[in-house]
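Listed below, chain by chain, are the residues.
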Amino acid sequence: MPHVIAELAAERLWPDDPAEARALQDRLAPRVRVEPLDPDGVRLVAGLDVSYTESAVVAAAVVLDARTLEVVETATERAEPAFPYVPGLFAFRELPPLLAALGRLASEPDVYVCDGFGLAHPRRFGLACHLGVLLDRPVLGAAKTAFVGEAAPPAPERGSVTELRADGEVVGRCLRVQDGVKPVYVSVGHRVDLDAACELVLRASPRYRICEPVRRADRLSRDVLGR
DNA sequence: GCGACAG
DNA sequence: ATCTTGTCGC
């Protein structure tokens, strides 16, 4: 058993099956904290992503200077898939390799950006929340498609937003980061609020739909996977 | 019961 | 996520 999973299991933070996984999410969800975070105080932003094959998974963490968006440091982890992909249980597939990669970073990012959701989740505990609670660090989620809830399309200008609502509550925002380009979905993971999360994603997306930290992590994980 | 369903 | 060619556009 991989070290990261053994450590989580020792803390009763690793499920044996989907039913246990859902129960664990319900147990950890109350630990999520939504709080203000000053975007101007963020110096280092880490982008996270994972690429797959049938038999291998590669996680990548890329730390960028939040102001210049230059790469400061990178780390990767190659592993065997430890959990199947089940919508809503995404974190159990990506968390182990991500935690291992993050453990190799020398720097301490001020905020982490996940390719997925935080509170915009059936049990309000997506990957960004899960990672945030385990690290007790600011984490936010930026996804390419919606998973739960509905959002009206934002105005065509960069910076426009609409609320992403599910079960009558605001669980995130649909954010247009480029003029006339399909929007992305931002949600809080931990120790950040929606305003800061959207501002950080906007600042980290000077050119493309996918913010630079995640784009870099996506490319790196793909390269290491070897294709 | 049926369809939808982050990556 | 991944499987996949050409093609339109800056």
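Conventions used here
Residues numbered from 1 in each chain as written. Chains lettered and ligands numbered in written order. Predicted model: local features only at pLDDT ≥ 70, side-chain atom pairs only at ≥ 80, totals over all residues. Heavy atoms only, no water. Helix = DSSP H or I, 4+ residues; strand = E, 2+ residues; numbered from the N terminus. Rg over C-alpha atoms; globule rule 2.2 N^0.38 Å. Buried < 20%, exposed > 50% of the residue type's maximum accessible area, 1.4 Å probe, protein only. Contact = heavy atoms within 4.5 Å. Lys, Arg positive; Asp, Glu negative; His and termini not counted. Charge placed at Lys NZ, Arg CZ, Asp CG, Glu CD. Pairing = 2+ DSSP bridges. Near = heavy atom within 4 Å. Polar contact = N/O pair within 3.5 Å; in protein donor to acceptor, adjacent residues only side chain to side chain. Nonpolar A, V, L, I, M, F, W, Y, C, P; charged D, E, K, R; others polar. Salt bridge = Lys/Arg side-chain N within 4 Å of Asp/Glu carboxyl O. Core = buried A, V, L, I, M, F, W, Y, C linked by side-chain atoms within 4.5 Å.

(A) Quick look at the overall build of chain A. Along the backbone of chain A there are six helices and eight strands. N-terminal to C-terminal, the α/β element order of chain A is α-α-β-β-β-α-β-α-β-β-β-β-α-α. Its C-alpha atoms give chain A a radius of gyration of 16 Å, near enough to 17 Å, the size a compact globule of 227 residues would have. In terms of principal-axis extent, the alpha carbons of chain A reach across some 50 × 40 × 30 Å. Expressed as a percentage of its 227 residues, the buried residues of chain A come to 55%. Contacts spanning at least 24 positions in sequence make up 64% of the contacts within chain A whose residues lie at least 6 apart. Charge-centre separation for chain A: the mean point of 28 positive side chains lies 3 Å from the mean point of 33 negative side chains.

(B) Highlighting the pairing of strand S8 (residues 184–190). Counting buried positions along S8 gives seven out of seven residues, so the element sits mostly inside the fold. Relative to S8, strand S5 (residues 139–143) is paired through five bridges, and the arrangement is antiparallel. For Val139, the partnering residue across the bridge sits in S8 and is His190.

(C) Examining the protein's contact with DNA strand C more closely. Around DNA strand C sit Ser51, Tyr52, Lys144, Arg222 and Arg227, and that is every residue in its neighbourhood. For DNA strand C, the fraction of protein-proximal atoms (within 4 Å) that sit in sugar or phosphate groups is 100%. One nitrogen or oxygen atom from the side chain of Lys144 is found 3.2 Å from a phosphate oxygen belonging to DNA strand C. Here Arg222 contributes a side-chain N or O atom positioned 3.5 Å from a phosphate oxygen of DNA strand C. Taken together, the residues that form the surface near DNA strand C break down as one nonpolar, one polar and three charged.

(D) How the structure looks around the protein's contact with DNA strand B. Taken together, 17 residues lie near DNA strand B, and Tyr85, Phe90, Phe117, Lys144 and Thr145 sit nearest. In DNA strand B, the atoms that sit within 4 Å of the protein are 44% sugar and phosphate, with bases accounting for the remainder. Within the backbone of Gly88, an N or O atom sits 3.2 Å from a base nitrogen of DNA strand B. Phe90 places a main-chain nitrogen or oxygen 3.3 Å from a base nitrogen of DNA strand B. Residue composition of the surface near DNA strand B, by class: nine nonpolar, five polar and three charged.

(E) Local environment of the pattern of salt bridges. Tallying each qualifying case throughout the model produces 15 salt bridges. As a salt-bridge pair, Glu35 and Arg191 come within 3.6 Å of each other at their nearest N and O atoms. With Glu35 in the loop between helix H2 (18–28) and strand S1 (44–52) and Arg191 in the loop between S8 and helix H5 (194–203), this pair connects stretches of sequence that are 156 residues apart. Classification of Arg191 as partly exposed rests on a relative accessible area of 21%. The closest approach of N and O atoms between Glu212 and Arg215, which form a salt bridge, is 3.4 Å. Residue Glu212 and its partner Arg215 are both found in helix H6 (residues 212–225); the two are separated by three residues, about one turn of the helix. Note on Glu212: relative accessible area 10%, which makes it buried. What emerges from the salt-bridge pattern is a single network uniting Arg33, Glu35, Asp136 and Arg191.

(F) Quick peek at the nonpolar core. Counting 39 residues, the largest nonpolar core has Leu48, Phe92, Leu102, Cys114, Phe125 and Leu131 as the members making the most contacts within it. Elements supplying a minimum of two residues to this core: helix H1 (3–10), H2, S1, strand S2 (57–65), helix H3 (91–102), strand S4 (111–114) and helix H4 (127–135). Those residues within four positions of Cys114 in sequence are excluded, and the remaining contacts are Leu48, Leu127, Ala128, Leu131, Val139, Leu140, Gly141 and Ala142. Within the second largest apolar cluster, 29 residues are counted, among which are Leu140, Leu175, Val214 and Ala217.

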